[in-house]
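Observations on the model geometry
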Amino acid sequence: MTYSHEVEHMCVVKKGPNHGPAPIPEEGKWVKSKEIVDISGLTHGVGWCAPQQGACKLTLNVKEGIIQEALIETIGCSGMTHSAAMASEILPGKTVLEALNTDLVCDAINTAMRELFLQIVYGRTQSAFSEGGLIIGAGLEDLGKGLRSQVGTLYGTLAKGPRYLEVAEGYITRLALDKNDEICGYEFVHMGRFMDEIKKGTDANEALKKVTGNYGRFTEEAGAVKFIDPRHE
């Protein structure tokens, strides 16, 4: 250790009480974290790239400083999906400090990692008050059946009005309009469940019927007077 000339000639004054860091909530416990191994928790965060053409939602499950599970969801940029594939291999096994200083290929994913790091080390995780934390695999629960991200794709113009293309329920195939030409319901296909049926050997047309549903006032009895394809009409 090298000291400046001024410090070398200072007299020693002893420190007063040292209470250590303030405790933070981690997996149902109050922890005074001093090292990376003191950090545990599952949390989510969102990042974006400099031109803001794409975004990443990142979910990490950290146990004793080590990332055990990572879910990377991206939207808006075609290249980000391939960056996410690399990040899914890069992140597990790294400490949260290593991951913070690792190139995760896409700037949106890097930014998400920064935001999660802040949450995790300050004790603001989703599992802060869950005794024992969440099991490895909990990150997939947000995806639901079919393991597909919750995606919303909606579009509208002043001249022609709104078009629902995809919502949480699934891929929109038809919109129902009422007598005022306002949207009153929609028909959707749950793509995750559809692919599961196809993989089981179900005929495509039969599978499509099984996973097609509707929401709102989608029948004529309920007030729908017109049905349109949101992509072509």
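This paragraph deals with the nonpolar core. Among the nonpolar cores identified, the biggest contains 24 residues, and Cys56, Leu58, Leu60, Ile72, Leu91, Ile109 and Met113 are the most heavily contacted of them. Top element by residues in this core is helix H4 (residues 107–121). It accounts for seven residues. For Leu58, the residues in contact, after removing those within four places along its chain, are Thr43, His44, Gly45, Leu71, Ile72, Leu91, Ile109, Ala112, Met113 and Leu116. Formed by seven residues, the second largest nonpolar core is a distinct cluster that contains Leu175, Leu177, Phe188 and Ile228.

Moving on to the sheet that holds strand E4 (residues 55–63). Strand order across the open sheet formed by three strands is E3-E4-E5, with antiparallel pairing between neighbours. Of all the strands in the sheet, the pair left with one neighbour each is strand E3 (41–48) and strand E5 (66–75). Going from strand to strand, the sheet's axes swing by 15° on average, the running direction of each strand aside. Relative to E5, E4 runs antiparallel, the two being bridged by nine bridges. Pairing of Lys63 across the sheet is with Ile66, part of E5.

Tracing the backbone through its elements, the reader meets Thr59 in strand E4. Residue class for Thr59 comes out buried when judged on its relative accessible area of 2%. Within polar-contact distance, the side chain of Thr59 engages the side chain of His44 at 2.8 Å. Once residues within four sequence positions are removed from consideration, Thr59 is found in contact with Leu42, Thr43, His44, Glu69, Ala70, Leu71, Leu116 and Gly139.

What counts, and where the lines are drawn
Residues numbered from 1 in each chain as written. Predicted model: local features only at pLDDT ≥ 70, side-chain atom pairs only at ≥ 80, totals over all residues. Heavy atoms only, no water. Core = buried A, V, L, I, M, F, W, Y, C linked by side-chain atoms within 4.5 Å. Buried < 20%, exposed > 50% of the residue type's maximum accessible area, 1.4 Å probe, protein only. Helix = DSSP H or I, 4+ residues; strand = E, 2+ residues; numbered from the N terminus. Contact = heavy atoms within 4.5 Å. Pairing = 2+ DSSP bridges. Axes fitted to C-alpha atoms, helices over the stretch in contact; angles between N-to-C directions. Polar contact = N/O pair within 3.5 Å; in protein donor to acceptor, adjacent residues only side chain to side chain.

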